[in-house]
Structure formats: structure tokens, C-alpha cells
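Listed below are the residues making up each chain.
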Amino acid sequence: GAVVSQHPSWVICKSGTSVKIECRSLDFQATTMFWYRQFPKQSLMLMATSNEGSKATYEQGVEKDKFLINHASLTLSTLTVTSAHPEDSSFYICSAGDSGYGYTFGSGTRLTVV
Amino acid sequence: AQKVTQAQTEISVVEKEDVTLDCVYETRDTTYYLFWYKQPPSGELVFLIRRNSFDEQNEISGRYSWNFQKSTSSFNFTITASQVVDSAVYFCAFERGSQGNLIFGKGTKLSVKP
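Residues numbered from 1 in each chain as written. Chains lettered and ligands numbered in written order. Predicted model: local features only at pLDDT ≥ 70, side-chain atom pairs only at ≥ 80, totals over all residues. Heavy atoms only, no water.

Student: How would you explain the pairing of strand S3 (residues 19-25) of chain A if you had to name every residue and give the values?
Tutor: Residue and element names in this part refer to chain A. What you see with S3 is a clean split: Val19, Ile21, Cys23 and Ser25 sit on the buried side and Lys20, Glu22 and Arg24 on the side with no burial. When strand S1 (residues 4-7) meets S3, the two strands line up antiparallel, connected through four bridges. The residue bridging Val4 from the neighbouring strand is Ser25, located in S3. Pairing geometry for S3 and strand S8 (residues 76-81), over six bridges, is antiparallel. The partner of Val19 across the bridge, within S8, is Val81. (Buried < 20%, exposed > 50% of the residue type's maximum accessible area, 1.4 Å probe, protein only. Helix = DSSP H or I, 4+ residues; strand = E, 2+ residues; numbered from the N terminus. Pairing = 2+ DSSP bridges.)

Okay, here's the thing in C-alpha cells:
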């Protein structure tokens, strides 16, 4: 089955620094990947749709300049949280796939900004 | 707008009991997909099932079964003879057409006690 790998699993960073999260499709090509955010004990909210070779599409209320998305190849999308602040602490998770087979999610990245 | 409601926030059962997790959705679309995902404490999302709006057949997979009723806009999930390993948060999700961005319910936390 489709496998999506996400790294790192967890990261602690200082306020004001930037953090990059990688999402890779290991055994299939993904022209589109999705980034979600999940606050503790809450649901997943779509942040943006990552499109290979073009700009990402952001959901309303998501700051483009804060959450930079790059999808430079058919197997890799990255999410960079720039100038991170404690309120950015959350669980970030990516997905790829299609409706035909269901969307596979990465294992998620727990970001803590101190 | 589309919406997914999982009214049960938490459910606690004793091992071997049957349990049903409710999911109600709202949409005016005629073509859509519904999903169930399991999120164990480790955080990753495990795909359980995908159902398209034209397929109202119920499905059984081992101890899991799903009941899709368009008349009541419900897509309920039943675990038969629950086990401790079933303890997790279960999310119901909606996808409009094949756009790929999923709208999640708030999740139901299931605790199965030995």
C-alpha cells in the first residue's frame, strides 16, 4: 500500500526560529499533498494543498508567509514554519493519495516552540 | 457548507462489548466520499474505509462494519467484540468530489477496558 513518510516526528525549537517538516511519498508519485494541523484533543484542520511545481493553495486564515510550502518533486513536499512562536506549537500531519484508495497520512510532527 | 458531526466525544466500553460510533454529515453535493480513520495514541492516522456517495452498501471487515444511510446522512461505524487495542480516537471525514481535502469531524475517543 501507499506509504507516506514524515520527518521529524517531533521537534522543539526556540521562539523566532524556523522549522522545516518533510513529507515524502515512498512508493508512489504525489502531484498533490495536503498539510493539516491538529491542536491537542481537537480535530484536524486543513492548512494548505501542496501542488507539485506550482504554488500551494492555502485555506482561509492560514498565513502564507508563516507556513511556507514547497513541493519541488513528485515525492516530496516541505512545510516550513517561519519565525515560530509558542502558539504555533501543534501536531502537523501531511497526506497524499487519492479517493480511489484513500488518503495515506504521514506519522505526524509534534512541534513545540519554547 | 459541508460539515461532519461526531456527537460522541468519548465512549468507554468493556472488552468484548459491541460499540457504534456515530457520524452525521451535511452537504448539498451529490458526489462525495466519506472516510473513517483511526488515530492511536502515537498520533498517526490509520485509514479504515472510504465510501462514495453512490454506494450505500454496508461493509464488513472482520470486527468492523459500516452503515451508510443517505436518507439520514449518516455513516456509522460499529466495532464488534471490542478489544483493548481498539482504544483510539476515531475520525469520520468528508471529501467533496475528488478534491482531496478532507473535512474531519471532531473525533470520538474510544476507550476499551479489559
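Student: Kindly report on the state of the cysteines, identifying the contributing residues and their values.
Tutor: Enumeration according to the criterion identifies two disulfides over all chains in this entry. What pairs with Cys23 of chain A in a disulfide is Cys94 of chain A, and their sulfur atoms sit 2.0 Å apart. Here Cys23 of chain A and Cys94 of chain A share a disulfide; its torsion about the S-S bond, 85°, makes the bridge right-handed. Placement of Cys23 of chain A in strand S3 and of Cys94 of chain A in strand S9 (residues 90-98) is noted, with a sequence separation of 71 residues between them. The same class applies to Cys23 of chain A and to Cys94 of chain A, which are both buried. Each sulfur in the disulfide pair Cys23 of chain B and Cys92 of chain B lies 2.0 Å from the other. Disulfide Cys23 of chain B-Cys92 of chain B: torsion about the S-S bond near -65°, hence left-handed. Taken as a pair, Cys23 of chain B in the loop between strand S3 (19-21) and strand S4 (24-26) and Cys92 of chain B in strand S10 (residues 88-96) lie far apart in primary sequence, 69 residues in all. (Disulfide = S-S within 2.5 Å.)

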